[in-house]
8 protein chains.
Amino acid sequence: MKDVVFDYDRAERIGLPEAVFCQGKARATVLDLLQQFARGNGHPVLFTRLDADVVADLPDAVRDGIDYHPLSRTAWGERMPAQAAGRRVAVVSAGTADGAVAWEAARTLTYLGIRNTVIEDCGVAGLWRLLERVEEINEHDVVIVVAGLDAALASVMGGLTAKPVLAVPTSVGYGMAGQGEAALRSMLVSCAPGVPVLNIDNGYGAACAAVRILGLS
Amino acid sequence: MKDVVFDYDRAERIGLPEAVFCQGKARATVLDLLQQFARGNGHPVLFTRLDADVVADLPDAVRDGIDYHPLSRTAWGERMPAQAAGRRVAVVSAGTADGAVAWEAARTLTYLGIRNTVIEDCGVAGLWRLLERVEEINEHDVVIVVAGLDAALASVMGGLTAKPVLAVPTSVGYGMAGQGEAALRSMLVSCAPGVPVLNIDNGYGAACAAVRILGLS
Amino acid sequence: MKDVVFDYDRAERIGLPEAVFCQGKARATVLDLLQQFARGNGHPVLFTRLDADVVADLPDAVRDGIDYHPLSRTAWGERMPAQAAGRRVAVVSAGTADGAVAWEAARTLTYLGIRNTVIEDCGVAGLWRLLERVEEINEHDVVIVVAGLDAALASVMGGLTAKPVLAVPTSVGYGMAGQGEAALRSMLVSCAPGVPVLNIDNGYGAACAAVRILGLS
Amino acid sequence: MKDVVFDYDRAERIGLPEAVFCQGKARATVLDLLQQFARGNGHPVLFTRLDADVVADLPDAVRDGIDYHPLSRTAWGERMPAQAAGRRVAVVSAGTADGAVAWEAARTLTYLGIRNTVIEDCGVAGLWRLLERVEEINEHDVVIVVAGLDAALASVMGGLTAKPVLAVPTSVGYGMAGQGEAALRSMLVSCAPGVPVLNIDNGYGAACAAVRILGLS
Amino acid sequence: MKDVVFDYDRAERIGLPEAVFCQGKARATVLDLLQQFARGNGHPVLFTRLDADVVADLPDAVRDGIDYHPLSRTAWGERMPAQAAGRRVAVVSAGTADGAVAWEAARTLTYLGIRNTVIEDCGVAGLWRLLERVEEINEHDVVIVVAGLDAALASVMGGLTAKPVLAVPTSVGYGMAGQGEAALRSMLVSCAPGVPVLNIDNGYGAACAAVRILGLS
Amino acid sequence: MKDVVFDYDRAERIGLPEAVFCQGKARATVLDLLQQFARGNGHPVLFTRLDADVVADLPDAVRDGIDYHPLSRTAWGERMPAQAAGRRVAVVSAGTADGAVAWEAARTLTYLGIRNTVIEDCGVAGLWRLLERVEEINEHDVVIVVAGLDAALASVMGGLTAKPVLAVPTSVGYGMAGQGEAALRSMLVSCAPGVPVLNIDNGYGAACAAVRILGLS
Amino acid sequence: MKDVVFDYDRAERIGLPEAVFCQGKARATVLDLLQQFARGNGHPVLFTRLDADVVADLPDAVRDGIDYHPLSRTAWGERMPAQAAGRRVAVVSAGTADGAVAWEAARTLTYLGIRNTVIEDCGVAGLWRLLERVEEINEHDVVIVVAGLDAALASVMGGLTAKPVLAVPTSVGYGMAGQGEAALRSMLVSCAPGVPVLNIDNGYGAACAAVRILGLS
Amino acid sequence: MKDVVFDYDRAERIGLPEAVFCQGKARATVLDLLQQFARGNGHPVLFTRLDADVVADLPDAVRDGIDYHPLSRTAWGERMPAQAAGRRVAVVSAGTADGAVAWEAARTLTYLGIRNTVIEDCGVAGLWRLLERVEEINEHDVVIVVAGLDAALASVMGGLTAKPVLAVPTSVGYGMAGQGEAALRSMLVSCAPGVPVLNIDNGYGAACAAVRILGLS
């Protein structure tokens, strides 16, 4: 198998390090990629949507060199990008079922050297759970809202903070939830102004957007 | 034109008086129906989706005998169904643009002899507007929630009351609001349990469902 | 694994006990939750969409303490919420394939202490099967209609009773049934007035809506 | 303008006379076609979806030679196809709003020399209206069912007759009725077996299908 | 397990014998049903969408008493409905991939005692294959057209015969074929008049519709 | 109003002259553009989707200098691109209602100096109309197929010629025709191999694709 | 008519001044609102989607006090929010047809006191037009990309800048453009990382999101 | 099993050799077909969508006689169609995930005797990767563009070449990528003129279309 040629140029040009999206790739291909990076070439790489059972198949030596996080299905090696300064991001999610996406965002931020707090179980059907945390959330510089089903959290959050809010719909739910389409539509037409939206389940993308924003200062 | 044959039997059997849905009917047909009822046949009838300019075309004598409400586009004559007892319904809406649907529900309730309160501008992007009214809302027996866009109000309301909640999505919005489809999906997958949903813009139907519920006691 | 933090506050506030939706959760997570509740913490919990083969994996001692019902995929322990008084709910379904949803509704009602009758095989293509049961159905206080395919039962039932009717579309069918979308649309635009609709396959939600309604009297 | 070249060959080959679908054609084109046929060329032609205000613009001499029916928007001249023998078709519709489609089917049948009965207002929310007419309906050889909204009539009718049933969804309704898509889906997944479906509002097509069937004997 | 209660009444009333749709039913349920019928109760039953590996699990004695056809996934026992007289149906399909649906129609007809001919590989991209068979097809009384992808065969066939044509879209294809939605839409808006359509893959339904038609004479 | 800055560079680079798509532009803007080009700047321009009543509003002197074609809604001035050599394109359409799109393609080809033949009324429901013209069609170098409804013509044509075929779906039809979506899907999944598809009603695009192809030789 | 009660609280809390969305509101209502604000109440207000012919109906005195911009359909009075400091936003659009949305964003920014540059006609089919402006664009702090059709500009732009990028799909196009759905989907699945998306045509929302971002520093 | 009857006539008539689409066919059927062709009948055949594990099940003698390519899932035997002359096709793809489709196109071209170059990883988020290869691409006679997600490559490529461009959307992506629907819509409404589109993942079809085009000279 030929070595993968990564787009390090773009990474440098737009300030976002290289990432490998593992979902949909053949198991053999992913295993091969992980071992190439274990052999090292000087560039840090983030792996996303990496299943635990693929990691389990790695040789011990390789697996030990990787920081793998099962819930978010993300991994990286020892080499990480340079640390960013003091900005902080809050990742606020509606329910525990949104955890995989919330943590994909959080782990991507951590990998990129940005401090972050994950604040879970803030679904609006139990409004006080969110209200108790608003002050804490507003101490962060960017707020990533992660929610499935009706995604009502995005609108409520958008009305409670002046900070940049990034909305990530999740594919949580059944029937008319439509693999996240209800949440996506809900966020796109949110009654709170100025809340842009990422693709369904795209925690990685939200973290990248936060990095662009934090690069401002 | 032949006289319309109404389904008075069903009305008696299921407790909901006859109604005429005017939208989509030819102007001449609607004018004719209004005059038939002005001549009277002993049965009360509710007209919904009746445009103001149709009413303006009626002979003065007929128009004077009709109680017409332009925002809700509803009308009735002097004969009304018997008054229901003391139950009360709250109609809670998200924004002024939802007014036509909220008032269609309210007027239908009034016509059916049920006391009701319309509580507008409770959209969740300005959460305190809703929170200030929760106690008042909970003094009613049934809550009808009317909202377009992301319809997040249904979920928040559903978490703040133990009363029966009926959710009505509205066609307010543009782009991915999709003539109410975003609101409908949002309400159907609401994170608040036990909140059933009516068709888009169906204020009349919500009032009928409330009547069925109030008939219980 | 951290203990789950349930939203007992909301349960108390809106009168609906806590439930765990197991579908889509990792097998290990569900097994862990079941054992936490077996150890007991004083609060009753309802499990929905719980697969039989997960239950089969429980230690004997735990499994013996659970009331599990395979068709509806629901379970509860010994602790149940306080019994509600004499109101009764009829759960009427179109075909045997709708059984899982009908029984999810019925079991949830039983768990909540509400008497209920499941009346199956009332599909309107064999109209007399329904007509023979109408009188019996009308002796209940709320009617839950469960149907897939064309969901015509909701309209017919809505015209035969003055009681509150809650319609639950099911994902039964193939081709243009669209995993329940045909049934959902059909119920939302039903020619019978005042029949609100739950999400596809949401028997649990219908039971909760019934509890809200029965709380009235 | 060049004269239109009709496909009389096909008409002969498959036994269905030529028809002109006027909707979507420019007003000038339709007026021109009507006058060509008034001048006569020996072939009978049926005009469908022909608006009354176009007919009003015809010269008196032309208009007087045309049999125009405003509700169904159909017209023909003096020349009609040869009369078919004794077979009869019942056109059963759910509500008055379905009238345009029901009468398009009926008028097409009349034009083709087939006796037919239009039986309106049989919507299943008032079931007895249909049940009272079942015996009469079953005296016909083919049943065309015309219904919008949930189109539940197709399933109920399909369970009450052994005759060929042709289902025509109509674009009646708003919101999730989706210009007839709810009715179409409902009919396609009907719980009554052997009920094929035409395109939305296609009364003309149902009549043609009936002609094919009646040609059998 | 309780015995299934079949709707023999409807079967008699509308002339279509009882059928069991096995798809989506639990394996244990289907096995149980097959053995009930092997024990016999005097009524003939048709099984559709019955997978070969379920049949393989039956006790030998039961399996030997069943006429099973793997491609169409249909089965019946020794008892069959009374034979219908001389009418014949042609089942014309576009490609070999449509075979499962074409043979479901053909087998259902055979079970109902109606003679039929399956004519395969008539896709219109190789037009002469169809043209060579047109005369033969026209010797039948009803034509069932089975096609996936663009389903162009329905329009071409509809223009080559005056016989009743029933169109069945199949879920053959990928991408924008959309599990048969392209074929369904294509057939519904066919440029050939009078061609009604069944649900996607519904070969059984087409056979039932043919039975209704043939019952005429 | 500022003068429009056209992308003459691209025109030269990819060999397709500049075009102005008028639909959706304000009437005043289009009138202004037409007069700018009448004043002349040495570059030829093609106007598409230009309504006749806009042309009627032009000063006589401007209108006389324009070659306008109402059916295709295209126009150009005296300056035209250099003539292409002897290649020829056949534009084959299904029905007269497809004329506007077929002629948009033909006129664009004429403007670009390419000889073309429009062959109309070849819908496959009257198959012999197409079969009579196949030989003539095959004398052309590229075939553009224009069809709405089921667009079956694309598959049939694709099986009758080895020439490059470009398929253009049209928005002709009602109900499930879906403004051309049925035709588009049908063409994309055509059973004839190697037939690429343009956007709905995009006769201009098909002509441009033909120009790219003819540029080969 | 009762005076409108604006949500000035929210405006203060989240830093976004009050705006009136005029589209879909009755002409009389909008005229009334404009005159209320002309009478003044100390709060600045932005009007969006305000049609020129409504403005033309205002009394001269009112109209003269309003800064109206026809292309963007925005208006404000003399009172404007306090000026923001030196940050700058680039609004980059694909074609002239996207102008209304691009200028709605630009005008909203101007109203909010933020400097901005509109850079039009950067569609990627003529790539050099964009490449010539990249350096200039990168001198801004936030980039708003406005594009319809395939919205490819969002991906290309996202790969050419490290700045925060906000993508706004427009409803420009016909056929499968689907009133902006093609552009929206394209932007949501962009191959450039970290580019969040607003609702179709929502230039106002993009400006609000930029304000949130610029509030950071 | 009966021998398959291939449509060799069509192959000759339209110049495209016979192909077997294996996806969706039963494993046993495909194995049988492969062995029939190994026994030989003088006609070359191309197998597409053929899974590696099916090939692994072939007897050694058969497998050795087949040229199988796992990434593209294509195979052929020793007999190949006659070689075409010097024309060349470039297959340009956006990312490595598009490889299966790009190579299906390339392998089909090779099978048909047409020289081709596969140029991968040209996604527009890293624009320079494409720009560096434009000159090379323009040395080919036809360009096939293969891209998923936003498919922006089709528009950019269409603006950089005057050659015939064929666009193939792929099902790469998640969420709103919708199994390739975002890419398909994007390509159909491309801002580059004259770029026709194949079905999602249809690399084979693009190669066939190229063959039709190259047959011109």
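What counts as what
Residues numbered from 1 in each chain as written. Chains lettered and ligands numbered in written order. Predicted model: local features only at pLDDT ≥ 70, side-chain atom pairs only at ≥ 80, totals over all residues. Heavy atoms only, no water. Domains from an automatic or database assignment. Contact = heavy atoms within 4.5 Å. Buried area = accessible area lost by both parts, 1.4 Å probe. Salt bridge = Lys/Arg side-chain N within 4 Å of Asp/Glu carboxyl O. Helix = DSSP H or I, 4+ residues; strand = E, 2+ residues; numbered from the N terminus. Nonpolar A, V, L, I, M, F, W, Y, C, P; charged D, E, K, R; others polar. Polar contact = N/O pair within 3.5 Å; in protein donor to acceptor, adjacent residues only side chain to side chain. Pairing = 2+ DSSP bridges. Axes fitted to C-alpha atoms, helices over the stretch in contact; angles between N-to-C directions. Phe/Tyr/Trp six-rings, centres within 6.5 Å; stacked < 30°, edge-to-face > 60°. Buried < 20%, exposed > 50% of the residue type's maximum accessible area, 1.4 Å probe, protein only. Least-squares fit on C-alpha atoms with pLDDT ≥ 70 in both. Core = buried A, V, L, I, M, F, W, Y, C linked by side-chain atoms within 4.5 Å. Parallel < 35°, antiparallel > 145°, perpendicular 65-115°, else oblique. Left-handed = near helix turned anticlockwise from the far one by under 90°.

(A) Structural detail: the domain arrangement of chain A. Residues and elements named next belong to chain A. Considered domain by domain, chain A is made up of domain 1 (10–76) and domain 2 (88–214). Computed over C-alpha atoms only, the centres of domain 1 and domain 2 are separated by 25 Å. Contact with domain 1, which involves 19 residues of that partner, is made by 15 residues of domain 2. At the boundary of domain 1 with domain 2, total buried surface from both sides reaches about 1,400 Å², with 66% on carbon and sulfur atoms. Put simply, domain 1 and domain 2 have two salt bridges between them. Across the salt bridge formed by Asp67 and Arg107, the nearest N and O atoms sit 3.0 Å from each other. Looking at the side of domain 1 that touches domain 2, the elements with two or more residues in it are strand 2 (46–48), strand 3 (67–69) and strand 4 (74–76). The class makeup of the residues in the side of domain 1 that touches domain 2 is 11 nonpolar, five polar and three charged.

(B) Looking closely at the interface of chain D and chain E. At the junction of the two partners, chain D supplies 36 residues and chain E supplies 36 residues. Of the roughly 2,700 Å² buried where chain D meets chain E, counting both sides, 63% is carbon and sulfur surface. For the pair chain D and chain E, the interface holds zero salt bridges. Our enumeration of links across chain D and chain E arrives at 11 residue pairs in polar contact (both at pLDDT 80 or more). Sorting the residues of the side of chain D that touches chain E by element identifies helix 1 (8–14), strand 8 (165–169), helix 9 (181–188) and helix 10 (203–214) of chain D as the ones contributing at least two each. Residue contributions to the side of chain D that touches chain E peak at seven residues, all from helix 10 of chain D. Classifying every residue of the side of chain D that touches chain E gives 22 nonpolar, eight polar and six charged.

(C) Representation of the sheet that holds strand 8 (residues 165–169) of chain A. All names here are of chain A. What the four strands build is an open sheet, ordered 6-5-7-8; its pairing is parallel. Single-partner strands in this sheet number two, and they are strand 6 (115–119) and strand 8. Across the sheet, the axes of successive neighbouring strands diverge by a mean angle of 20°, strand direction being ignored. Inspection of the sheet shows strand 5 (residues 88–93) paired to strand 7 (residues 142–147) by five bridges, in the parallel sense. The residue bridging Ala90 from the neighbouring strand is Val143, located in strand 7. Contacting strand 7 and strand 8, helix 9 (residues 181–188) runs over the sheet at an angle of about 155° to strand 8.

(D) Quick peek at the packing of aromatic side chains. A complete count under the given rule lists 24 aromatic pairs over all chains for this structure. Taking 5.3 Å as the distance between ring centres and 15° as the angle between the ring planes, the aromatic pair formed by Tyr174(E) and Phe21(H) counts as stacked. Residue Tyr174(E) is located in the loop between strand 8 (165–169) and helix 9 (181–188), and its partner Phe21(H) is located in strand 1 (residues 19–21); the two belong to separate chains. With relative accessibility at 18%, the residue Tyr174(E) sits in the buried group.

(E) Here's a closer look at the relation of the copies chain D and chain E. Each copy of the sequence occupies a distinct position, and chain D is placed on chain E by a rotation of 180° and an axial shift of 0.0 Å, giving an RMSD of 0.0 Å. Classification of the inter-copy transformation places it as that of a two-fold axis. Interface overlap between copies is the fraction of interface residues in one copy that are interface residues in the other; for chain D against chain E it reaches 100%, indicating a shared surface.

(F) Representation of the nonpolar core. Leu130(A), Leu130(B), Leu130(D), Leu130(F), Leu130(G) and Leu130(H) are the most contacted members of the largest nonpolar core, which has 288 residues in total. Leu130(A) has contacts with Val92(A), Cys122(A), Ile137(A), Leu153(A), Val156(A), Met157(A) and Leu160(A), leaving out every residue within four places of it along the chain.

(G) Region of the structure containing the packing of helix 9 (residues 181–188) of chain C against helix 9 of chain D. Viewed as axis vectors pointing N to C, helix 9 of chain C and helix 9 of chain D meet at an angle of 125°, and their least axial separation amounts to 9 Å. Regarding the angle of helix 9 of chain C to helix 9 of chain D, the classification is oblique. Between helix 9 of chain C and helix 9 of chain D lies a crossing whose hand is left-handed. Counted together, Glu181(C), Ala182(C), Arg185(C) and Ser186(C) of helix 9 of chain C and Glu181(D), Ala182(D), Arg185(D) and Ser186(D) of helix 9 of chain D form the full contact between these two elements. Taken together, the residues of the contact of helix 9 of chain C with helix 9 of chain D sort by class into two nonpolar, two polar and four charged.

(H) Region of interest: the interface of chain G and chain A. With 36 residues of chain G at the contact, the number on the chain A side is 36 residues. Both faces combined, the contact of chain G with chain A buries some 2,700 Å², and carbon together with sulfur accounts for 64% of it. For the pair chain G and chain A, the number of links is 11 residue pairs in polar contact (both at pLDDT 80 or more). For the side of chain G that touches chain A, the secondary structure elements donating two or more residues are helix 1 (8–14), strand 8 (165–169), helix 9 (181–188) and helix 10 (203–214) of chain G. Residue contributions to the side of chain G that touches chain A peak at seven residues, all from helix 10 of chain G. Of the residues that constitute the side of chain G that touches chain A, the class distribution is 22 nonpolar, eight polar and six charged.

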